[in-house]
Amino acid sequence: MGESRSGNGSPEGSGALVEVRTLADLARLAGVSAGTVSRALAGKALVNAETRERIQELARQYGFRPNQMASKLRSRRTGAIGVVIPLGHEQRRQISDPFFLTLLGHLADELTESGYDLMLSRAIPDGTADWLERITGSGMVDGVLVIGQADQSAVIDRVASSYRPLVSWGAHQAGQAHCAVGTDNALGGRLAAEHLIACGARRLAFLGETTAAEIALRHAGAAAAAQAAGLPLTHVPVNLADAEMGPQIKAALAGTGAAHEGLVCASDLIAMSALRCLHETGRAVPADVQIVGFDDLPLAQQTAPPLTTVRQEIAEGARLMVETLKGRIEGRDMPGTVMPPRLIVRETTRH
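What you see as residue numbers is a count from 1 along each chain, following the sequence as written. Note on the predicted model: pLDDT of at least 70 is required for a residue's local features to be given, and 80 or more for side-chain atom pairs to be given and counted; whole-chain, interface and lining totals, by contrast, use all residues. Excluding hydrogens and water, the side-chain figures rest on all heavy atoms present in the structure.

Draft legend 1. Looking closely at the overall build of the chain. Regarding its fold elements, the chain presents 12 helices and 12 strands. Partly exposed residues are those whose accessible area sits between 20% and 50% of the maximum for their type, while under 20% is buried and over 50% is exposed, using a 1.4 Å probe and protein chains only. Within the chain, the proportion of its 351 residues that are buried is 48%. The Shrake-Rupley method, run with a 1.4 Å probe sphere, supplies the accessible areas, and residue values consider only the shown protein chains as cover. Accessible surface, the chain: about 16300 Å² in total, of which carbon and sulfur atoms supply 51%. The helix and strand labels rest on DSSP assignments: H or I over at least four residues marks a helix, E over at least two residues marks a strand, and numbering proceeds from the N terminus.

So, in structure tokens, the structure goes:
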């Protein structure tokens, strides 16, 4: 076994061409069973370290690579995970949305580290309610991660009742059937409003469309904080699609909207758009109007002034989504996770 591979693919001095194409070929060279070779190449501790290293060295010498497709067929696994972004009521929102890209990047890193390929799908529900089943029933993936629930929680619940390896990023509500990893959105909304009130804002507005569960909970938390302080909270529906966001905010901040002193924004992007609109109309932040965003995307530190926001632990959420999905693929009963939000105070509020 100490012989090295020669230029023609045979051990030096043997004069015979040795081809290693299968696990059985490598097993004969190593003097072990094909099963031992398979476990050694997979790095399994069931094979003692010396034998494992010897088999791996032989595989390197002979340029042997296991037939991954055959392995997947035997295990009935595809080695791929579907990542789906349902847009539902916000069909003009793009995958290039910074929140999607941030979470997607972390998911891709986690899946790659776990040995999975990623199959991305931007789903626009068309009224047939089978957009998710087309993916879960395709036979092309071992499990599905859903980024956001949009207005499709009922569809996700229905599919999850018979398809177990499914995890979404989003809200967890009473009676929900599907497994979700996300932030305590109601607490996040409350933290944002309480901070504005503590900083002296008395006329508050919440900017965000509340059709999706996550944003509805953020609004509910902000409303509860305003009510506890005896203050009004105006709700201004603002779409998360960038093309619609700016005009809606401009309209809201004109006229009677000019009286708002504190803005609780459903996302960092809405907060950034509001910051731009206020600048264009000559209103200073935070002197005239204070703003709190939601997400703490990397861009939040780059605004002028830097954005006060409610942080979602997106990287940790991605890790939890993948770990939870892996457990569910293996048949384990893995519950969802609600992560605590954290207020990040920067310069769009007085403090």
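Structure shown, so let's carry the discussion forward.
Draft legend 2. Structural context of helix α2 (residues 34-41). Buried residues of α2: T36, V37 and A40, and no others. Angularly, the buried residues of α2 cover 100° about the axis, an arc narrow enough to put them on a single face. Every residue pair with non-hydrogen atoms within 4.5 Å of one another is taken to be in contact. On its buried face, α2 sits against α1 (23-30) and α3 (49-61). Think of the arc as the fan of directions from the helix axis to the C-beta atoms.

Draft legend 3. Fine view of the sheet that holds strand β11 (residues 337-339). Strand order in the open sheet formed by 6 strands is β2-β1-β3-β4-β5-β11, with parallel pairing between adjacent strands. In this open sheet, the two edge strands, each paired with only one partner strand, are β2 (117-123) and β11. On average, each strand axis in the sheet is tilted by 20° relative to the strand beside it, whichever way the strands run. Note: strand β3 (residues 143-147) against strand β4 (residues 166-169), 4 bridges, orientation parallel. A pair of strands is labelled paired if DSSP reports no fewer than 2 bridges between them. Fitted lines through C-alpha atoms serve as axes, helices being fitted only where they are in contact, and the angles separating the N-to-C directions of these axes extend from 0 to 180 degrees.

Draft legend 4. Inspection of the pattern of salt bridges at higher detail. For this document, the term salt bridge refers to a Lys or Arg side-chain nitrogen within 4 Å of an Asp or Glu carboxyl oxygen. Per the counting criterion, the structure on display carries 16 salt bridges. The partner of D130 in a salt bridge is R134, and the shortest N-O contact between them spans 2.6 Å. Residue E323 is joined to K326 by a salt bridge in which the shortest nitrogen-to-oxygen separation is 3.2 Å. Here E323 pairs with K326, and both are found in helix α12 (residues 314-329), just 3 residues apart, close to one helical turn. Under the relative-accessibility criterion, E323 is labelled partly exposed at 34%. Take K326: its relative accessible area is 23%, and that puts it in the partly exposed class. Among the charged side chains, a salt-bridge network with shared partners connects D296, R311, E313, R342 and R346.

Draft legend 5. Region of interest: the environment of V37. Relative to the helices and strands, V37 resides in helix α2. In this structure V37 comes out as buried when scored by relative accessible area, which is 0%. In this structure, the C-alpha to C-alpha distance between V37 and Q56, residues 19 residues apart in sequence, is 8.5 Å. Setting aside chain neighbours within four positions, we find V37 in contact with L23, L26, A27, V32 and I55.

Draft legend 6. Looking closely at the environment of A266. Along the chain, A266 falls in the loop between β8 (262-265) and α11 (268-280). Spatially, the C-alpha atoms of A266 and G188 are 9.9 Å apart, while their sequence positions differ by 78 residues. Every residue in contact with A266, bar those within four places of it in the chain, is listed here: F206, L207, G208, I215, R218 and F294.

Draft legend 7. Structural detail: the sheet that holds strand β10 (residues 309-311). Read from one edge of the open sheet, 6 strands run β7-β6-β8-β9-β10-β12, paired in mixed fashion. Because the sheet does not close on itself, it has two edges, and the strands there are β7 (233-236) and β12 (342-344). This sheet shows a mean twist of 25° between the axes of neighbouring strands, independent of strand direction. With 4 bridges connecting them, strand β6 (residues 204-207) and β7 associate as parallel partners. Its bridge partner being in β7, L207 is matched across the sheet by V236.

Keep in mind that these numbers describe shape and distance, not what the molecule does.
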